[in-house]
Amino acid sequence: MVSAVDSTRLVSAQYALKNLRSSDDDSSQDRQSSSVASILSAYGLDSSSASLLSNQALSGLLDTLSSQSDTSDRTDATEDGAAVTSASFMSMLKEQLQDAAAAEGESGKAHDMLAALEAGTLTITDPTQGVSITAWDVDDPDEADTESKAGKAIDVSGWSDFLGAHLERGADGAFVKENGSYVDQTTDSNAFFGLIGSNYYYLSWPQAAST
């Protein structure tokens, strides 16, 4: 369910997205980047990321919010929510993390998430469907016959409320990062919020032990 603040943002963002798609000259593209960055920042997203400064990423966020605004509170996961508990989702997740890690080079956030996936310490959460699950490595021989696992039921909420409860905002309104990752205030874990496939998910994993 989307809050009144989310609904207002959604209408503004949908209007802005329509304008973004309507012109393609250089000056319009500059305004597009500025508008997209502003909308993403309103949701606490890192607007400095090239992958987020795209109509595709913005469209994904708007689609997610639109589906929430058309749906009342739900306690049962839909087929989309159930997919996060499947081996096919875990396979897609690992492939996406491997691609991101290769693009990063020798180290980075994707490397950390991939290591957590392989160690069984990466948690995937979708508050819009009310489900959370510990990811597993589909290439682990012990998981060869695993088609799905039971997720943990959590409270259903909109992204704005969920992120606001888990992540700290800075003075500029953006969520605070430490060493390149968000930090979950409820568990003190590293966190990431972004597209996995075509939907948004919240990923968290333990911070590295201090030496």
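In short, a report on the structure. Everything numeric here is computed off the predicted structure, so don't read it as measured data.

## Some details on the environment of G158
Along the chain, G158 falls in the loop between β3 (152-153) and α7 (159-166). We classify G158 as buried; its relative accessible area is 0%. For G158 and T128, which are 30 residues apart along the polypeptide, the C-alpha to C-alpha distance reads 5.7 Å.

## Notes on unusual backbone geometry
One non-glycine residue, D188, adopts positive backbone phi at about 65°. Here D188 lies in the loop between β5 (181-183) and β6 (190-196).

## Re α7
Along α7, the positions that sit buried rather than exposed are W159, S160, F162, L163 and H166. The arc that holds the buried residues of α7, viewed along the axis, is 165°, so those residues lie on one side.

## Quick notes on the packing of aromatic side chains
For the structure shown, the criterion picks out six aromatic pairs. Note on W159 and F162: the rings are 5.9 Å apart at their centroids and 85° apart in plane angle, and the pair reads as edge-to-face. With W159 and F162 both in helix α7 and three residues apart, the pair spans about one turn of that helix. In this structure F162 comes out as buried when scored by relative accessible area, which is 8%. Seen from their ring centres, F162 and Y202 are 5.0 Å apart, and the 85° between their planes marks the pair as edge-to-face. With F162 in helix α7 and Y202 in strand β7 (residues 199-205), the pair connects residues that are 40 residues apart, well separated along the chain. Through a chain of ring-to-ring contacts, the aromatic side chains of W159, F162, F193, Y200 and Y202 assemble into a single cluster.

## A look at the sheet that holds strand β1 (residues 123-126)
Sheet strands pair via backbone hydrogen bonds, and the direction of the pair is either parallel or antiparallel. Taking strand neighbours across the sheet as the criterion, the seven strands line up as β3-β2-β1-β7-β6-β5-β4 in an open arrangement whose pairing is antiparallel. Each edge of the sheet is formed by a strand with only one pairing partner; in this case those strands are β3 and β4 (177-178). Pairing between β6 and β7: seven bridges, direction antiparallel. Considered in β7, the bridge of F193 is made with Y202. In the packing of helix α5 (residues 87-104) onto the sheet, the strands contacted are β1, β2 (131-134), β6 and β7, and the crossing angle to β6 comes to about 105°. Sitting on the sheet, helix α6 (residues 109-119) is in contact with β4, β5, β6 and β7, with an inclination near 75° to β7.

## Points about α6
Three or more residues of α6 are buried, namely A110, M113, L114, A116 and L117. Seen from one end, α6 has its buried residues packed into an arc of 160°, which puts them on one side. At the C-terminal side of α6, G120 shows a positive phi close to 75°.

## So, the pairing of β6
A large share of β6 lies buried, amounting to six of its seven residues. The sheet contact formed by β5 and β6 spans two bridges and is antiparallel. In the sheet register, V183 faces β6, and the bridge partner there is N190. Taken together, β6 and the strand that follows it, β7, pair antiparallel across an intervening segment of two residues, in which G197 is found at a positive phi of about 70°.

## Quick notes on the pattern of salt bridges
Going through the model one piece at a time under the given rule, you end up with three salt bridges. K94 serves as the salt-bridge partner of D137, at 2.8 Å between the closest nitrogen and oxygen. One end of the pair, D137, is in the loop between β2 and β3; the other, K94, is in helix α5, with 43 residues separating them in the sequence. Classification of D137 by relative accessible area gives buried; the value is 13%. On the accessibility criterion, K94 (6% relative accessible area) is buried. In this structure, the salt-bridge partner of E143 is K149, at a minimum N-O distance of 3.1 Å. Exposure remark for K149: the relative accessible area of 32% places this residue in the partly exposed category.

Conventions used here
Position labels on residues start from 1 in each chain and follow its written sequence. Local features in a predicted model are, by the rule used here, given only for residues with pLDDT of at least 70; side-chain atom pairs are given and counted only at 80 or more, and totals for whole chains, interfaces and linings are based on all residues. The basis for every side-chain value is the complete set of non-hydrogen atoms in the structure, without hydrogens or water. Counting from the N terminus, the helices are DSSP H or I runs at least four residues long and the strands are E runs at least two residues long. Only protein chains enter the accessibility calculation, which uses a 1.4 Å probe; a residue is then buried when its area is under 20% of its type maximum, exposed when over 50%, and partly exposed in between. By definition, the arc is the one covered by directions from the helix axis to the C-beta atoms. The rule is short: rings of Phe, Tyr and Trp, with Trp giving its six-membered ring, pair when the centres are within 6.5 Å, and they are stacked under 30 degrees, edge-to-face over 60, tilted in between. One bridge is not enough; two strands pair if DSSP finds at least two bridges between them. Only heavy atoms matter for contacts: two residues are in contact if any of them lie within 4.5 Å across the pair. Note on definitions: angles span 0 to 180 degrees between N-to-C directions of axes, and those axes are lines fitted to C-alpha atoms, for helices only across the stretch in contact. The salt bridge definition used is simple: a Lys or Arg side-chain nitrogen within 4 Å of an Asp or Glu carboxyl oxygen.

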